[in-house]
Amino acid sequence: MEDRKCNDTSCNGDCSNCASAKHEPQSMLAPLNEYSTVKKVIGVVSGKGGVGKSLVTGGLAVSMSRAGYKTAVLDADITGPSIPKMFGVNARAMQDATGILPATSPDGIKLMSVNLLLEDIEAPVVWRGPVIAGAVKQFWTDVAWGEIDYMFVDCPPGTGDVPLTVFQSLPLDGIVIVTSPQDLVSLIVKKAYNMAKMMNIPVLGIVENMSYIKCPDCGKEFHIFGSGKTETVADELGVPLLARIPIDTDMATLIDNGMFEKHQNDYFKEAATYIDAKLNK
Ligand code: ADP
């Protein structure tokens, strides 16, 4: 009800019985920080936690940054924030007259995460949905991002209340769905797809993480969780399979050591190039 406006002083918020039909829908989008411009915003979503959503968010951001774009990551996964750790950023965020200042990764990607604001990053964030959603809105409104070409949003997992509010609060230009082959791929991907469609947000494509493991000796790929399922769903939905990322222990070690930007593989490059072309045509 608070998202509607009405000139009728007797309004009780119940539009179904309102004869005057003065109610007009109002945008739920949070206003962007007034000292910032963000050209494109891409949400990265998954049906559940632990499938590599943060890895894909970070990987796409690094590829965009390497392509020369001013890039940012908004970590909206408030209860499971892993972006600062993978980029080796742990200083507390500062603020000035323009707003909260985002952290900057060693290679120049701007980052904001609840972990940069908490005194004790090991303390669990035991906030209810509306508070979490409020924090995400604040990341958009109160953080002085500056000039950004591409912002990637590491969305909360699932298709429930919290991710839904994030979808409604940020002006997403598109979403990328991350899945892994051992998920109930079809169901989870379709739920995420339908949520985006309901909100008129374009689905840019699907990334399959933990697709296979490569033998370090012979180079052969082993599809230990099976293969082809994600491709079938992507075809059914008419969206591209943007990338298939292997289980890569070297990359996991870099992430654990906060040096993700040092990875030299090209797993995310093609997907980033596709997204760039798609959003700028
Ligand atoms: P989510 O954001 O979906 O919860 P994360 O991206 O945080 O998942 O990944 C969960 C864990 O799995 C992290 O420790 C990450 O380093 C590891 N991981 C994810 N994808 C891969 C991969 N392709 N190869 C190796 N480790 C991975």
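Please read these numbers as outputs of a predicted model, since none were measured by experiment. (Residues numbered from 1 in each chain as written. Predicted model: local features only at pLDDT ≥ 70, side-chain atom pairs only at ≥ 80, totals over all residues. Heavy atoms only, no water.)

A. Region of the structure containing the pairing of strand S4 (residues 71–75). Of all 5 residues in S4, 5 are buried, a share of seventy percent or more. What you see with S4 is no split at all: Thr71, Val73 and Asp75 on one side and Ala72 and Leu74 on the other are buried throughout. Strand direction decides the pairing type here: S4 and strand S9 (residues 147–154), joined by 5 bridges, are parallel. Bridged to Leu74 within S9 is Val153. (Buried < 20%, exposed > 50% of the residue type's maximum accessible area, 1.4 Å probe, protein only. Helix = DSSP H or I, 4+ residues; strand = E, 2+ residues; numbered from the N terminus. Pairing = 2+ DSSP bridges.)

B. Region of the structure containing the environment of Gly47. Note on placement: Gly47 falls in the loop between strand S3 (37–46) and helix H1 (53–66). When its relative accessible area of 24% is taken as the criterion, Gly47 is described as partly exposed. As a C-alpha pair, Gly47 and Ile188 span 141 residues in sequence and 5.1 Å in three-dimensional space. Non-local contacts of Gly47, meaning those with residues more than four positions away in its chain, are made with Gly158, Val178 and Ile188. (Contact = heavy atoms within 4.5 Å.)

C. Here's a closer look at the packing of H1 against helix H8 (residues 269–279). Here H1 crosses H8 at 70 degrees, and the two axes come no closer than 9 Å. If you check the angle between H1 and H8, you find them roughly perpendicular. Where H1 crosses over H8, the handedness of that crossing is right-handed. The segment H1 lies against H8, with Leu60, Ser63 and Met64 engaging Lys269, Ala271, Ala272, Ile275 and Asp276. In terms of residue class, the contact of H1 with H8 is built from 5 nonpolar, 1 polar and 2 charged. (Axes fitted to C-alpha atoms, helices over the stretch in contact; angles between N-to-C directions. Parallel < 35°, antiparallel > 145°, perpendicular 65-115°, else oblique. Left-handed = near helix turned anticlockwise from the far one by under 90°. Nonpolar A, V, L, I, M, F, W, Y, C, P; charged D, E, K, R; others polar.)

D. View of the packing of aromatic side chains. With the rule as written, the count across this model stands at 4 aromatic pairs. With 6.1 Å between their ring centres and 85 degrees between their planes, Phe87 and Phe260 make a pair best called edge-to-face. One end of the pair, Phe87, is in the loop between helix H2 (83–86) and strand S5 (95–96); the other, Phe260, is in the loop between helix H7 (249–256) and H8, and 173 residues separate them in sequence. In this pair, the class of Phe87 matches that of Phe260, namely buried. For the pair Tyr267 and Phe268, a centre-to-centre distance of 6.3 Å together with 75 degrees between the ring planes defines the contact as edge-to-face. (Phe/Tyr/Trp six-rings, centres within 6.5 Å; stacked < 30°, edge-to-face > 60°.)

E. The site of the ligand, seen in detail. In the vicinity of the ligand, 17 residues are found, and the nearest of them are Gly50, Lys53, Ser54, Asn209 and Pro246. Contact distances for the ligand include 2.8 Å between an oxygen atom and a side-chain N or O atom of Ser54. In the complex, 78% of the free accessible area of the ligand, which totals 560 Å², lies under the protein chains. Those elements that provide at least two residues to the shell around the ligand are H1 and H7. Broken down by class, the residue content of the shell around the ligand amounts to 9 nonpolar, 6 polar and 2 charged. (Near = heavy atom within 4 Å. Polar contact = N/O pair within 3.5 Å; in protein donor to acceptor, adjacent residues only side chain to side chain. Areas by Shrake-Rupley, 256 points an atom, 1.4 Å probe, with all protein chains shown as cover.)

F. Spotlight on a nonpolar patch on the surface. On the surface, a nonpolar cluster with roughly 250 Å² of combined accessible area is contributed by Ile213, Phe222 and Ile224. Mapped onto the elements, Phe222 comes out in strand S13 (residues 221–222). According to the relative accessible area criterion, Phe222 is partly exposed, its value standing at 38%. (Patch = residues over 30% accessible without salt bridge, like charges linked within 9 Å, V, L, I, M, F, W, Y side chains within 5 Å. Salt bridge = Lys/Arg side-chain N within 4 Å of Asp/Glu carboxyl O.)

G. Molecular detail of the sheet that holds strand S10 (residues 174–179). Pairing is mixed across the open sheet formed by 8 strands, whose spatial order is S7-S8-S4-S9-S3-S10-S11-S14. Whereas interior strands pair on both sides, the edge strands pair on one side only; in this sheet they are strand S7 (103–104) and strand S14 (241–245). As judged from the 2 bridges shared by S7 and strand S8 (residues 110–112), these two strands associate in the antiparallel manner. Looking at the pairing, Thr104 lines up with Lys110 of S8.

H. Local environment of helix H3 (residues 129–141). Between the first and last C-alpha of H3 there are 18 Å, a value that for 13 residues agrees with the 18 Å anticipated at 1.5 Å per step. Residues of H3 that are buried in the fold lie against S3, S4, S8, S9 and helix H4 (161–169). (Expected span 1.5 Å × (residues − 1).)

Read these as geometric descriptors, not functional statements.
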